[in-house]
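So the chains spell out like this:
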Amino acid sequence: MFLKKGFYFFDKAFQGIRQNPFINFINFGTITVSLLVLGTFLVIFFNLNRVLDKWRYESHVTVYLYDSISFDNTSDIKDRIAGFEEVERVTYISKKEALNIIKEALQIYDNSFEGLEVNPMPATLEIQLKKKFLSSTGVESFVARIKIFKEIKEIQYDQEWIKGFSAFFSLFQIGGLAIGVGLLLATILIVSNSFQLGVYARKEELEIMKLIGATDFFIKVPFLLEGVFQGLLGALVSIGLLYGIYQVVIFKVRPFFSIYIRELDPSFLPLDFIFGLTIGGILMGMLVSIVSMRKFLKSY
Amino acid sequence: MIQMLHVHKTYSNGQKALIDVSLKLDKGEFVYIIGPCGAGKTSILKLIYCAQRPTKGMVLFGDKNVARIRKSRIPYLRRNIGIVFQDFKLIKTRTVFENVALALEVIGATITDIQKKVWKTLSFVGLYNKSNEYPIRLSGGEQQRVAIARAMVNNPLILLADEPTGNLDPEMTVDIIDLLDKINIRGTTVLVATHNPDLAKNKRKVFTLEKGRITNG
């Protein structure tokens, strides 16, 4: 019985689409374009978020020690810093190791170190903080607490510019969200208007159905399925188009920004985002048909 | 079966459609409401099938006051009522068979049931051979027969006909009235609203309506 009814409703929904192909195409097109724009925002948002996370998790606090402190003192301060709850790991880099690192990094200028009588590099402690303390306030509070150690000459951490980037990213998020919501509302308004044209084209039929005892549910379901179908198709096509555009853009810009692209390691939307976009399309179609039918059934 | 008790209906523009109307229809009766255009005939029918609510008074269907019925219950009430209109109200994109079947589809009847009942009803109204035709290809009388078939395919308790012969020539009018008589003989209560007093000649129960008031009965 349930299956038969389901089949009946699907049949009526497709009949409705066949009866008004133009209106259905307009609705599908509007949903597709709207989800494509939204999807573009999501791709940018997703990749910026990845970059920010990467930078944030790779960032660490570098502590430069005074040359005068003894090896025992160095071990002592290392242990004390390692004792902080924020600290994941502390790595000691001696003056000699620091020089070797710099030599290795700048090997083309190898000769420039030959004349040195004294090693100018300070011993350092590379401090990796636990993930949950990697927010800018977390790092700043940690730095403020270790500053009091007299063995420390200087502290460097790359949170300042991450903080700046985070602020920009938040702005982008808010802007993107506002545009996204505005876009969705505009789409629902546009599509529900053209959807209503489809409903009104069948006004007489629906009016008769009401007069012979059809419930609102019975009248609504085929339209709801029509909306779901438009939304689903719009979402799938927009995801396909988005993927195509993404591939073309990456392919075209790769030669010019190869270093950055490798560093940024861009990626298309993950499955949960794609799933979300698809569900979003379906919900949009449903909402449109609910809004349109509500208006129609209210007047009859 | 149906009773209206001191019913008043005033529209939002202040126009009084019905003034203190009281009437009673018993099961199996054939009743006419006659009156000129604008007398309030359609308003009475609309109050019975709940397309409108009275401003004052009670409309009883059995022992239920449908003037206070919940909106969600109206479709279930209408399944007990067959309605026939002057302009037939057939769906142009559906065949005769499909138009009649719609009344069974909306109540969730099975395909076998629909097939059986629709064929039986089309035979009864004499349109067995026209089942695949579209309404546009039928005469006015035939279209009204389709509308009557759709109204009675559910075996309703009552059949309401609002000017069922208004668009028909005299010969077809007789045909339709004969058909309504046949339906009544099978046990369905029939209520016909018409402006034509000739149709109600020799009928036992006739209500005359003028300017929203019943002037006889």
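Residues numbered from 1 in each chain as written. Chains lettered and ligands numbered in written order. Predicted model: local features only at pLDDT ≥ 70, side-chain atom pairs only at ≥ 80, totals over all residues. Heavy atoms only, no water.

### Quick look at the overall build of chain B
Looking only at helices and strands, chain B has six helices and ten strands in total. Here the C-alpha radius of gyration of chain B, 17 Å, is about what a compact globule of 217 residues would show, namely 17 Å. Every one of the 217 residues in chain B was classed for burial, and the buried ones make up 54%. Within chain B, contacts between residues at least 6 apart in sequence are counted, and of these 70% link residues at least 24 apart. Counting only carbon and sulfur atoms, one obtains 49% of the accessible surface of chain B, whose full area is about 10,300 Å². One finds the centroid of the 33 positive side-chain charges in chain B at a distance of 9 Å from the centroid of its 19 negative side-chain charges. (Helix = DSSP H or I, 4+ residues; strand = E, 2+ residues; numbered from the N terminus. Rg over C-alpha atoms; globule rule 2.2 N^0.38 Å. Buried < 20%, exposed > 50% of the residue type's maximum accessible area, 1.4 Å probe, protein only. Contact = heavy atoms within 4.5 Å. Areas by Shrake-Rupley, 256 points an atom, 1.4 Å probe, with all protein chains shown as cover. Lys, Arg positive; Asp, Glu negative; His and termini not counted. Charge placed at Lys NZ, Arg CZ, Asp CG, Glu CD.)

### Side note on the packing of helix α8 (residues 216-253) of chain A against helix α10 (residues 271-298) of chain A
All names here are of chain A. Closest axis-to-axis distance for the α8/α10 pair is 7 Å, and the angle between their directions is 145 degrees. Here α8 runs over α10; the crossing is right-handed. When α8 is examined against α10, the residues D216, I219, K220, F223, L224, G227, V228, G231, L232, A235, L236 and I239 are found in contact with a partner set consisting of I274, L277, T278, G281, I282, G285, M286, S289, I290, M293 and L297. Residue composition of the contact of α8 with α10, grouped by class: 15 nonpolar, six polar and two charged. (Axes fitted to C-alpha atoms, helices over the stretch in contact; angles between N-to-C directions. Left-handed = near helix turned anticlockwise from the far one by under 90°. Nonpolar A, V, L, I, M, F, W, Y, C, P; charged D, E, K, R; others polar.)

### Points about the interface of chain B and chain A
Taken residue by residue, the interface counts 20 residues in chain B and 18 residues in chain A. When chain B packs against chain A, close to 1,700 Å² is buried across both sides, 61% of that on carbon and sulfur atoms. Linking chain B with chain A are one salt bridge, by the criterion used here. Across the contact surface, chain B and chain A share four residue pairs in polar contact (both at pLDDT 80 or more). Listed by contribution, the elements that provide at least two residues to the side of chain B that touches chain A are α2 (74-78) and α3 (96-105) of chain B. Grouping the amino acids of the side of chain B that touches chain A by side-chain chemistry returns ten nonpolar, two polar and eight charged. (Buried area = accessible area lost by both parts, 1.4 Å probe. Salt bridge = Lys/Arg side-chain N within 4 Å of Asp/Glu carboxyl O. Polar contact = N/O pair within 3.5 Å; in protein donor to acceptor, adjacent residues only side chain to side chain.)

### A few points about the domain arrangement of chain A
Assigned domains within chain A: domain 1 (2-55 + 163-298) and domain 2 (60-157). Relative placement of domain 1 of chain A and domain 2 of chain A: their C-alpha centres are 52 Å apart. (Domains from an automatic or database assignment.)

### What about the sheet that holds strand β4 (residues 56-61) of chain B?
Residues and elements named next belong to chain B. Pairing is antiparallel across the open sheet formed by four strands, whose spatial order is β2-β1-β4-β5. Strands at the two margins of the open sheet, each flanked by one partner only, are β2 (16-25) and β5 (64-65). Relative to β4, strand β1 (residues 2-10) is paired through five bridges, and the arrangement is antiparallel. When the bridges of β4 are listed, I2 appears paired with F61. Helix-sheet contacts for helix α1 (residues 41-48) involve β1, β2 and β4, and the interaxial angle to β2 is about 60 degrees. (Pairing = 2+ DSSP bridges.)

### Thoughts on the pairing of strand β7 (residues 158-162) of chain B
Residues and elements named next belong to chain B. With five of five residues buried, β7 lies mostly within the body of the structure. The alternating pattern of β7 places I158, L160 and D162 and L159 and A161 on opposite faces, both of which are buried. Two elements, strand β6 (residues 81-84) and β7, share four bridges in a ladder whose sense is parallel. Note that in β7 the partner of I81 across the bridge is I158. Read as a crossover between parallel neighbours, the route from β7 over helix α6 (residues 170-185) to strand β8 (residues 189-194) is right-handed. (Right-handed = clockwise from strand over helix to strand, strands pointing away.)

### A word on a nonpolar patch on the surface
All names here are of chain A. Together, F10, F14, F229, L233, V237, L241, I245 and V249 make up a nonpolar patch on the protein surface, roughly 630 Å² of accessible area in all. Mapped by element, the contributors of at least two residues to the nonpolar patch are α1 (2-19) and α8. Here the element with the most residues in the nonpolar patch is α8; it accounts for six residues. Relative to the assigned elements, L241 resides in helix α8. (Patch = residues over 30% accessible without salt bridge, like charges linked within 9 Å, V, L, I, M, F, W, Y side chains within 5 Å.)

### Let's talk about the packing of α3(B) against helix α5 (residues 140-152) of chain B
Packed helices, taken two at a time, are described by their axes: the angle between them and the distance between them. All names here are of chain B. Running from amino to carboxyl end, α3 crosses α5 at an angle of 30 degrees, the nearest separation of the two axes being 7 Å. One finds that α3 runs roughly parallel with respect to α5. Pair α3 / α5 crosses with right-handed handedness. On the side of α3, the interface is formed by V96, N99, V100 and A103, while α5 contributes V146, A149 and R150. Classifying every residue of the contact of α3 with α5 by side-chain character gives five nonpolar, one polar and one charged. (Parallel < 35°, antiparallel > 145°, perpendicular 65-115°, else oblique.)

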